Structures are given as structure tokens and as C-alpha cells.
Amino acid sequence: MVIVRRVKPLPYWIIPIIALLAGIAISVIILYVLMGASPAAVLSAIVYGFTRPGVVAKTFVALTIVGIALLVSFKGSIWNIGGEGQITFGLMAATWVALFTALPYINPGLAQVSMILLAMVAGGIWALLAALPRAYLGLDEVPVTLIMNYIAYYIVDILVRGPWLGKHVYNYIRTDTIPAQVMFPQVPGTTMTWDGLFLLIILFVGVWYLLRNTSIGLRIRILGNNPNLLRSSGISVPLMIIVALTISGFIAGSVGALYLGGDVYRISYPVEAHTANYGYTGILVAWLSMLELIAVPIAAYIVSALYTAGIQYQILVGGHLGQLLTAGSAIVDVFIGSILLMYTILITISEYKIKIIVKR
Amino acid sequence: MFESIASFIVGVSAIFLAYYLAAVGHGLMEKSGVLNLAIDGVFTLGVAIAFAVSVYTFSVPLATFIAMIVAALFGLMLAFITTKLPISHGAAGLSTMFLGYGLAALVGLPARQLQINGRSLATIQPSLGGTWIWFYVVAFVVAIGIWYLVEKTKIGAAIRAAGENPASAEALGVNVLAVRLFASGVGYALIGIGAAVFELAYTQVWSQGAGMGYGWIAFAISLSAGRHPILILISAMIFAALDKYRFLIAATYNLPPDVGKMLPFVAAIAAMIIFMVTPLKRKLAPPKSLGKIYFREERTV
């Protein structure tokens, strides 16, 4: 096998598409071998996912926002795998506003805005805690952000089982349902909320402006390509690492508020079994977008269609295993894993040609 | 007093061995320069495979063996793609991690269904009578074996050379690909056995997501001991004791049980930070080319 650099790289959108098709093919084979799932049923679930924009909308909004969040840190070569923990912290902050302040009864609109803003602050703080050892000790951010996801789950678990345990929950361990005033209003005919849609637009434009027109955005991009250049121009590299990761967590945190206000309306114990796994799925979105902001919504639509397909398959055809599968994660994980792996491997061929030479 | 020490040693033996094997396997692989971020996914998959095979065949050795083989195959795959192709070790590892999570659920659930319908799970219990000693014997034999392999043999020198500077190693006649395949294959085989021990000797129950997160703790155990096979014995013991007694610790201080769930993860981050701020980091520095893309483009053209 000989690998030669291409004279001209392939156009950047080709690889994600090939990876997607190859990954879906592998997933179909895996599901067939391990679960006996008929490929036709899996493919029809995928078609279902891709042809129901209204159903997919909720996941699409969440994954686009997570994709944008991760993009900011990935641009700086800071691999924020802690989106899940940042979202969980956002969920916690939004729940606090909705259940334990008087705001929802005084001014519902302001309450909804505060839920989102406080969720962002909480996500930002959680990311900041991971950024500090990365910036000043050089501790790899991947294991730290990942392990912090578990810590975030358990902190919320402690709250839900302890001081936040609801009064009207029968025998369930969960918080009370949030007041109707702060349930985010839905866009008719879709599963998404107006709050989510506006937030998405604001964040998309904001990050576009940040990366393109501000010195912080420029520095984050240089951090990703050539941190030595930053160092030699007198800009603190640790500070830029902290900024990139904190902004990333700040944006990701908002998804926690959307998940509470537009989807689940309460936190159920244990939170790790009731998460939508947007923090992990968002990694796929950010990678498939090739770190191009404009491609994030496209990647998010594809991934959210697959995500919906995985859950749909589980509901309709999962059969006797359906009741055992929790939170729809297993099939989604197979999709994410195989597509990402194909993508990681195939990215080679955008810049290199692989020739198989048979030795005589 | 004596009784409580004895019950401690017996009580932590299984989780100690599970953590030790996973951490030492991870360390061996990283010594050869392949960054291993797939550990949690493959560990979770190993747990599910050990559980499923044990339910189907009611054989602990067979379950351990198959978990080992599957894990080793993942190790070979990771070493191959990261050495042969110019791709990011981190991306390859994380994607494999997700694949491992998904496969684990699909492998484990049918067996769990059988178990609910009455099939039983073959397990191995470290008891005071005698089996517990073997858990320690295996750990110490592996520790000395891996230490000897890495520090005293030609293969070990090649593994360290491939981790420090693969290009020079290649120039001196080391086959970097072969060395990395060997280190990752053996390393992941140990991770697979560790996962089987975790399931069959320690937790002995399975539900979707079982084992998730423990691979990361093994990662932290290995990192905080500088990937040194003998030192990992100590850090694995600390984490084993913490894992075994975390709910007792929480209950003693009148804390909610979820604090117990959280303790190993907090300790994992603390251990990594301690390693980074103390002189340990200089004495047991990671391989210089760990996670760096090694790609022989120029030579093949």
C-alpha cells in the first residue's frame, strides 16, 4: 500500500458524504448481525428521519447549537468532549430559575430569558473548570472534560434526590414539573420552540461575527493552527485556551435550558439515563461540518435525521428489545461511531491517494 | 482488626485486578506512541461481551477469552489506522469509543433478556477461602512481566523507541507498525480481560451502560502512575479501595449515595492534576511522540 499526496485536494464536501454513506452501510450490517434487524426496516427508519423536518426540528436546533459550541473550541484545537456535562449544568441552572425563583410568576418572558442565560453561564463555568488545568498544567482536555460529564450528572442526581425532590411526583424520583408559564411555546407543526429558534439564529450570527470579525476569533483560529505564533506575538496562549473552551461551554449550556423548557419540563433521576446525549452527538456534527460554520446546520440536519431514525427504529421495530433500550442511545451510538470512524479514516483521501501495489 | 484487613484485601481484589489490567494495558499501548482515547468504549464493550458470553455458555474462562480477543482486535485496528494513515489519534479513538458504546448495548441486551427470563450468569467470586489470592497473583505476575518486557527486552526497547521518536526508530531498523501492533494488541487484550474481571468478578450484574466511565478511570490510574507497570499497582489499589468503599464512605459522613458514585471520578481528575503538578511528571514523562501523527509519506513515494 502506497500513500501519495494529491496535487489538488478533493472538494471538502465529498468526504463527509462518502463517510456518511459508508457509515450508514456499516451500521446497517452491524444492526443486522447483532440484532437481526432487517436492513429494509432500518433504511425505512432513516428515510422517515430524513423526510420529517417537523419531527426532526427539536433535535436539529439542539444539535446545531451544540455543533456551533464545539466548533468554537475545535477551531482552536481544543477538543471539548464535555458538551454533555455543560448541557447538564445548563439544565440544572434553568431548573433552578423555573422551580425555585418567583420569576416565572412575575414575568414569564423574562424568566425564559433568564433560564437560557443562566444555563449558559453555568455551562461556561463548567467548561472553565476544565480549561484551567489544560491551560496552566497542560493536562489533556479530552479525559478531563469527559470525566467531568459524569461528575455533572452526579451533582444533578444529588440535587434531584435531595433538596430538589418534587412534592407532586407520586413515587417517582424527579423534580416537580416547571410552571406552564415557562414551558417554551412551540412553533406550530414542529417539535421545536420559538425560544430555540431565536437562540439558534442569535448564536449562529454571533459566532459567525466572533470568528470572522473579532480579534478573539482570529486568535482562536491561530491557536488551532500555530500556537507558537500567538506566543511570539505576546498573546497569552493559556488565556486563549480558557477563552475558547469557556465560550464553547457557554453556548453548549443553553441547550440544557432548551431541553428543560421545550422537551422534558422536569429532571428525572438518574439524569444520566434520561439525557438526550446531545453533547456526544454534537461531536459528530462538528466533525462532519469540517469546522465550517456554514456547514454546521447541514451536518446537524443529517445527524438529527439519523438520531430520530435511531429512536424511531427502536419504537417501531425494536420489538422485544425495545423496552430494554433506554434513552435511545444504543442505535444512535452505533450510527455515530461508524460514521465518525469512516470519516476519520476517509479524511485521508481528501489529501492523499492510496494505491494498492501488488508485489510480484 | 485483622479480620477487617482480611476482608478489605479480599473485598477489593476483583476491582483491583480489573483496574490494574485495564490501566497497564492502556499504558503499554501508549508507550508505543498510540494515543488511546478508545479505552472507555472498548472497556464497556468488553464488559458486555463477558456478560453475554457468560450467560450463553455459562463459562467464565470462555467469556474472558472472547472479551480479550475482541478487545485485542480493536487494539490492532487502532494501531494500524493511526500508524499507516495520516489521521488524528484522538479522532480515531473517540469514534471507536462511540462504536464501542453502541455495540456494547446491542451485544448485552439480548443476553439480558435471556437472563430476565431465567438464565443465570456464570461468575467468579473472590472468597476468603482461596480464590482471592489468585487475583493478586495475576496482577503481580502481569506487573513483573510487562515491566520486564518494556524495560529489559529488545521488544521493549523497540516499543519505547516507537513512542519516543518513531522516525529515528524506523531509521535504526525498528518496524514501527509491527511494534505498535504488538503493543496495542497485547495492551487491549489486557483491557479486555480487565473488563471481563470487572463484570464477572466485581459487579456481576449488567444493564445498558454498565462499565461506562470506568475505562476513563483506568485511563486516569495509568496516567497518574506515569504508565509504569509497577507504580500502577499502587494507583490501581487506591482507586479499587475507593470504588469498593465509596458508598460506605458516603454513608459514614451522612452524604447522599450519589456522592459515592461521584467519588472515583473526582479522584480521577485529582490524581491527574497531582501527577501534573508534582515532580512525578518530570520523572515519568509521557512518550514524546504520544499521539503525534507518524506517517512515512516521503519514503514510500
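We now turn to the structure provided with this report.

Thresholds applied
Within every chain, residues take consecutive numbers counted from 1 along the sequence as written. Numbering of ligands from 1 and lettering of chains from A proceed in the order in which they are written. Where local features are concerned, this predicted model is filtered to residues with pLDDT of at least 70; where side-chain atom pairs are given and counted, the filter is 80 or more; whole-chain, interface and lining totals use all residues. Think of the side-chain values as coming from all heavy atoms in the structure, minus any hydrogens and water. Contact between two residues is taken to exist if any of their heavy atoms lie within 4.5 Å; hydrogens are not considered. Buried area is a sum: the accessible area each of two parts loses on coming together, probed at 1.4 Å, counted once for each and added. Only one rule defines a salt bridge in this text: a Lys or Arg side-chain nitrogen within 4 Å of an Asp or Glu carboxyl oxygen. Polar contact is defined as a pair of N or O atoms within 3.5 Å, subject to the rule that within protein one atom must be able to donate a hydrogen and the other to accept it, and that residues adjacent in sequence are counted only when both atoms are side-chain atoms. Here a strand is any run of E in DSSP of at least two residues, a helix any run of H or I of at least four, and the numbering for each starts at the N terminus. Axis definition: a line fit to C-alpha positions, over the contact stretch in the case of helices; interaxial angles, taken between N-to-C directions, run 0 to 180 degrees. Each angle gets one of four labels, with under 35 degrees taken as roughly parallel, over 145 as roughly antiparallel, 65 to 115 as roughly perpendicular, and the rest as oblique. Only Asp, Glu, Lys and Arg are considered charged, only Ala, Val, Leu, Ile, Met, Phe, Trp, Tyr, Cys and Pro nonpolar, and every remaining residue, Gly among them, polar. Residue exposure (1.4 Å probe, protein chains only): buried if accessible area is under 20% of the type maximum, exposed if over 50%, otherwise partly exposed.

## Structural notes on the interface of chain A and chain B
Next up, step 1: Taken together, the 54 residues of chain A in the interface contact 53 residues of chain B.
Next up, step 2: Buried area between chain A and chain B, summed over both chains or domains, comes out near 4,600 Å², and the portion from carbon and sulfur atoms is 80%.
Next up, step 3: For the pair chain A and chain B, the number of links is three salt bridges.
Next up, step 4: Taking the shortest distance from any N to any O, the salt bridge between Lys261(B) and Asp157(A) comes out at 3.6 Å.
Next up, step 5: Joining chain A to chain B, the criterion identifies four residue pairs in polar contact (both at pLDDT 80 or more).
Next up, step 6: Those elements that place two or more of their residues in the side of chain A that touches chain B are strand E1 (2–5), helix H1 (14–35), helix H6 (108–137), helix H7 (141–161), helix H12 (278–288), helix H14 (329–346) and strand E2 (352–355) of chain A.
Next up, step 7: If one sorts the elements of the side of chain A that touches chain B by residue count, H7(A) sits on top with 13 residues.

## Focus on the packing of helix H8 (residues 194–213) of chain A against helix H11 (residues 237–264) of chain A
Residues and elements named next belong to chain A.
Next up, step 1: For the pair H8 and H11, the least separation of the axes is 11 Å and the interaxial angle reads 170 degrees. On the basis of their axis angle, the class for H8 and H11 is roughly antiparallel. Judged by residue contacts, Asp-195, Gly-196, Leu-199, Leu-203, Val-207 and Leu-210 of H8 engage Ile-247, Ile-251, Ser-254 and Leu-258 from H11.
Next up, step 2: Residue classes in the contact of H8 with H11 are distributed as seven nonpolar, two polar and one charged.

## Let's talk about the environment of Leu255(B)
Residue and element names in this part refer to chain B.
Next up, step 1: Relative to the helices and strands, Leu-255 resides in the loop between helix H10 (231–252) and helix H11 (257–277).
Next up, step 2: On the basis of relative accessible area, Leu-255 is assigned to the partly exposed category, the value being 40%.
Next up, step 3: Sequence-wise, Leu-255 and Ala-52 are 203 residues apart; in three dimensions their C-alpha atoms are separated by 35 Å.

Everything listed here is a matter of geometry and, on its own, says nothing about what the molecule does.
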